[in-house]
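# Tertiary structure, described
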Amino acid sequence: MTRIRTLPLRATAWLIRMLFGLFSLTLLLAVIAAIPLVNVLALGYLLEVEGRVGRTGRLRFAFPLLEIAPRFGAIVVGLAGWLLPIWWLTQVLADYRLIAPRGAATVTLAWLHGVTVVLVTVHLLLALSRGGSLGCFVRPLKNLLWLIGELRRGEYFERAEGQVMEFVTQMRIGHHFWLGLRGLVGGLLWLVLPSGLFGAYHQVDNVGQLVVMLVGGLNLVLVLAWVPFLQARLATENRMRAMFELGAIRELFC
């Protein structure tokens, strides 16, 4: 009976936890999408989602990295919660050095800043070594006791490496980057010819160039309509040749 009563609370907690993780992942993908070369990884995550939905037909697979989303969200909040005060203290120290570089208050604040940076860095490393859960970031004393216990048993480096490698492995960075790179190259191959034709118009009185531009623009509209479907098929089949199977895409679309 008690278990039945706690089910709604557990379900609500799970929902909040997943929404928080998805929000953090959305923020991550938005950030890396603006970084050259790294944005290929963001494309790979989106294509992986399309491939999973295409293979299973289930909407619940439409979210990237759903398995590690809550953990990633906890890491983002934990790091931000400790790094923002450090950033604020650094700004205050910069103002003190600008006003009174050799003052006693500046020297004291610089010493306090250095000690705080070292302590926070050690705490964050220990929190990540323990698994990166939200509780690990708010219990520095427990992290220190855990470190002492692991050092006594001689298992600290193995445990820390295992936790970090498990998280990195679940992100499958290499797989998603390779998938995103193939999707990018395939899309460029489809777009290079119509884009070149569309950009051929330079002279106002050149009718031939105008016709070429119009033909390129029309082809560009058609290609842009099909490229997302072709990329989704690439992700579903995991074959580069699937990027050019336009007939199969048209049959599936119909």
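Use the structure listed above.
Given the structure is predicted, the values throughout are model-derived calculations rather than measurements.

What counts, and at which threshold
Residues numbered from 1 in each chain as written. Predicted model: local features only at pLDDT ≥ 70, side-chain atom pairs only at ≥ 80, totals over all residues. Heavy atoms only, no water. Salt bridge = Lys/Arg side-chain N within 4 Å of Asp/Glu carboxyl O. Helix = DSSP H or I, 4+ residues; strand = E, 2+ residues; numbered from the N terminus. Buried < 20%, exposed > 50% of the residue type's maximum accessible area, 1.4 Å probe, protein only. Expected span 1.5 Å × (residues − 1). Axes fitted to C-alpha atoms, helices over the stretch in contact; angles between N-to-C directions. Parallel < 35°, antiparallel > 145°, perpendicular 65-115°, else oblique. Contact = heavy atoms within 4.5 Å. Nonpolar A, V, L, I, M, F, W, Y, C, P; charged D, E, K, R; others polar. Core = buried A, V, L, I, M, F, W, Y, C linked by side-chain atoms within 4.5 Å. Phe/Tyr/Trp six-rings, centres within 6.5 Å; stacked < 30°, edge-to-face > 60°.

## Quick word on the pattern of salt bridges
All chains considered together, the criterion is met by six salt bridges. Note that Arg 233 is salt-bridged to Glu 237, the shortest N-O span being 3.9 Å. Here the residue Arg 233 and the residue Glu 237 both occupy positions in helix H9 (residues 207-237), the gap between them amounting to four residues, near one helical turn. A relative accessible area of 34% places Glu 237 in the partly exposed class. A salt bridge links Arg 233 to Glu 245, with the nearest nitrogen and oxygen atoms 2.8 Å apart. Taken together, the residues Arg 233 in helix H9 and Glu 245 in the loop between H9 and helix H10 (246-253) connect sequence positions 12 residues apart. What emerges from the salt-bridge pattern is a single network uniting Arg 233, Glu 237, Arg 239 and Glu 245.

## What to know about helix H2 (residues 39-56)
The terminal C-alpha atoms of H2 lie 26 Å apart, and with 18 residues this matches the ideal 26 Å at 1.5 Å per residue to within 8%. Those residues of H2 lying buried are Val 40, Leu 41, Ala 42, Gly 44, Tyr 45, Leu 47, Glu 48, Val 49, Gly 51 and Arg 52. Just downstream of H2, Gly 57 is the residue with a positive phi angle, here 75°.

## Focus: the packing of H9 against H10
Running from N to C, H9 and H10 cross one another at 100°; their axes reach a closest spacing of 10 Å. When the interaxial angle is binned, H9 and H10 end up roughly perpendicular. Two secondary-structure elements touch here, H9 through Trp 226, Phe 229, Leu 230 and Arg 233 and H10 through Leu 246, Ala 248, Ile 249, Arg 250, Leu 252 and Phe 253. Split by residue class, the contact of H9 with H10 holds eight nonpolar, no polar and two charged.

## Looking at the nonpolar core
In terms of nonpolar packing, the biggest core is built from 18 residues, with Leu 29, Tyr 45, Phe 137, Phe 167 and Met 171 touching the most fellow members. Those elements giving two or more residues to this core turn out to be helix H1 (2-32), H2, helix H3 (69-99), helix H4 (104-129), helix H5 (134-137) and helix H7 (156-171). Examining the composition of this core, we find that four residues originate from one element, H3, more than from any other. Ignoring any residue separated from it by four or fewer positions in sequence, one finds Phe 137 in contact with Ala 74, Ile 75, Gly 78, Leu 79, Trp 82, His 123, Leu 124, Ala 127, Leu 128 and Gly 132. Counting eight residues, the second-largest nonpolar core is a separate cluster that includes Leu 220, Val 223, Val 227 and Met 243.

## Things to note about the packing of aromatic side chains
All chains considered together, the criterion is met by two aromatic pairs. Arranged with centres 6.1 Å apart and planes meeting at 25°, the rings of Trp 190 and Phe 244 form a pair that is stacked. Taken together, the residues span a long stretch of sequence, with Trp 190 in helix H8 (residues 173-198) and Phe 244 in the loop between H9 and H10 at a distance of 54 residues. When its relative accessible area of 23% is taken as the criterion, Trp 190 is described as partly exposed.

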